[in-house]
Amino acid sequence: MGTIFTLSILQSALELGCIYALVALALFISFSILNIADLSTDGCFTLGCAVCAMVTISGHPFLALFAAMAAGVCSGFVTAFLQTKMGIESILAGIIVNTGLYTINIAVMGFASNVNLFKCDTIFSMAKEAIGGSFYKILVALLIVVIIGCLLSLFLSTKLGLSIRATGDNTDMVRASSINPAFTITVGLCVSNSLTALSGGVLAQYQKSCDINLGTGMVTIALASLIIGESIIGGGSMAKRVVGVVLGSCLYRFIVAVALRLNVPAECLKLVSALIVAIAIASPYMKGKIAFMKQRSLAMKNYAKEGK
């Protein structure tokens, strides 16, 4: 066991967990709060990665992150526009945007399938020079996710944030309260996609490369992290739920790291991700089923004793 659970595995899981937690927080907004299945996540993640990579190459690593978020906002706006103004179902709107983003992403990358940043300064290389040691990547990733988590918790507690939360709960009630659900959905998806793109941008600088297929399966990864986090933390305040999503992302990356350590083929990681999602989704139902069976068994025993 000592050879499996090493410090390097834990460190890598925390680094990637914090980076991918931004996508999980994005799905937290669209899936959990707005009750919208946004399938544009894969393409939006690659979009943020591509935009950030190209701006970083031009010598602006910090500006690159904001540029990635701006690109994500545009992606979210188009997705919301298709839903609210064109009458397209959320799932189909996400698929349409995701399909279109492939061409946009490869155009942003100069029609190359991959771009490398090995000769460029990144926020991580700058942190290495400023902080040193071997934990500078964790500190940078953790700082970003803490800032985003705090801002997101505060935003969802504002009047606009409460309106967005109410839209996911009951659209008709929101409309009856003179709140435009099309506006709240648009804002929610813009914020969600900006976080997805930011995650892609941070990952581009973290691994110093960008690939056109980098975002493939990102919905599955984010959904697994989200559901694991919600299963661990449950309900509660918005800040508590945000923390749960981040913990779920780190735990998911740790599970994947252990799977790689156990020599699970890289080609099987998508299957592992699918199994994790299935188990995470089914666990609340199975817990309720087991509790019901226990209560039923106890009731039958009490009935048998009373009959005697």
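Quick caveat, the model's predicted, so the values are computed rather than measured.

Enquirer: Would you mind showing me how to read the side chain of T56 here?
Expert: Residue position: T56 is located in helix α2 (residues 41-57). Reaching out from T56, the side chain makes a polar contact with the side chain of Q205 at a distance of 3.4 Å. Not counting residues within four places of it along the chain, the set of residues in contact with T56 comprises P61, A64, L117, C120, D121, T122 and Q205.

Enquirer: How should I be thinking about unusual backbone geometry in this particular structure?
Expert: As a rule of thumb, non-glycine residues mostly have phi less than zero, and peptide bonds are mostly trans rather than cis. One non-glycine residue with positive phi stands out, namely N35, at about 60°. Counting through the fold element by element, N35 comes out in the loop between α1 (7-33) and α2. Owing to a relative accessible area of 60%, N35 belongs among the exposed residues under this scheme. A positive phi is found at F111, a non-glycine position, where the angle reads about 55°.

Enquirer: How should a nonpolar patch on the surface be read in this particular structure?
Expert: A cluster of nonpolar side chains, namely L7, L10, L14, I131, F135 and L139, defines an oily patch on the protein surface of about 540 Å² accessible area. In terms of residues, the nonpolar patch owes the most to one element, α1, which gives three residues. Within the secondary structure, L14 sits in helix α1.

Enquirer: Honestly, the nonpolar core in this entry has me stumped. Any pointers?
Expert: In summary, soluble globular proteins display a tendency toward joint burial of nonpolar side chains. Grouped together as the largest cluster of nonpolar side chains are 71 residues, with contacts concentrated most on F28, I144 and V202. Here this core gathers at least three residues from each of two domains, domain 1 (7-263) and domain 2 (270-308). Those residues in contact with V202 that sit more than four places away from it in its chain are I19, L22, L65, F124 and I144. Judged by nonpolar contacts, the second largest core, of 11 residues, contains A50, I106, C210 and I212.

The rules behind the values
Residues numbered from 1 in each chain as written. Predicted model: local features only at pLDDT ≥ 70, side-chain atom pairs only at ≥ 80, totals over all residues. Heavy atoms only, no water. Helix = DSSP H or I, 4+ residues; strand = E, 2+ residues; numbered from the N terminus. Polar contact = N/O pair within 3.5 Å; in protein donor to acceptor, adjacent residues only side chain to side chain. Contact = heavy atoms within 4.5 Å. Buried < 20%, exposed > 50% of the residue type's maximum accessible area, 1.4 Å probe, protein only. Patch = residues over 30% accessible without salt bridge, like charges linked within 9 Å, V, L, I, M, F, W, Y side chains within 5 Å. Areas by Shrake-Rupley, 256 points an atom, 1.4 Å probe, with all protein chains shown as cover. Salt bridge = Lys/Arg side-chain N within 4 Å of Asp/Glu carboxyl O. Core = buried A, V, L, I, M, F, W, Y, C linked by side-chain atoms within 4.5 Å. Domains from an automatic or database assignment.

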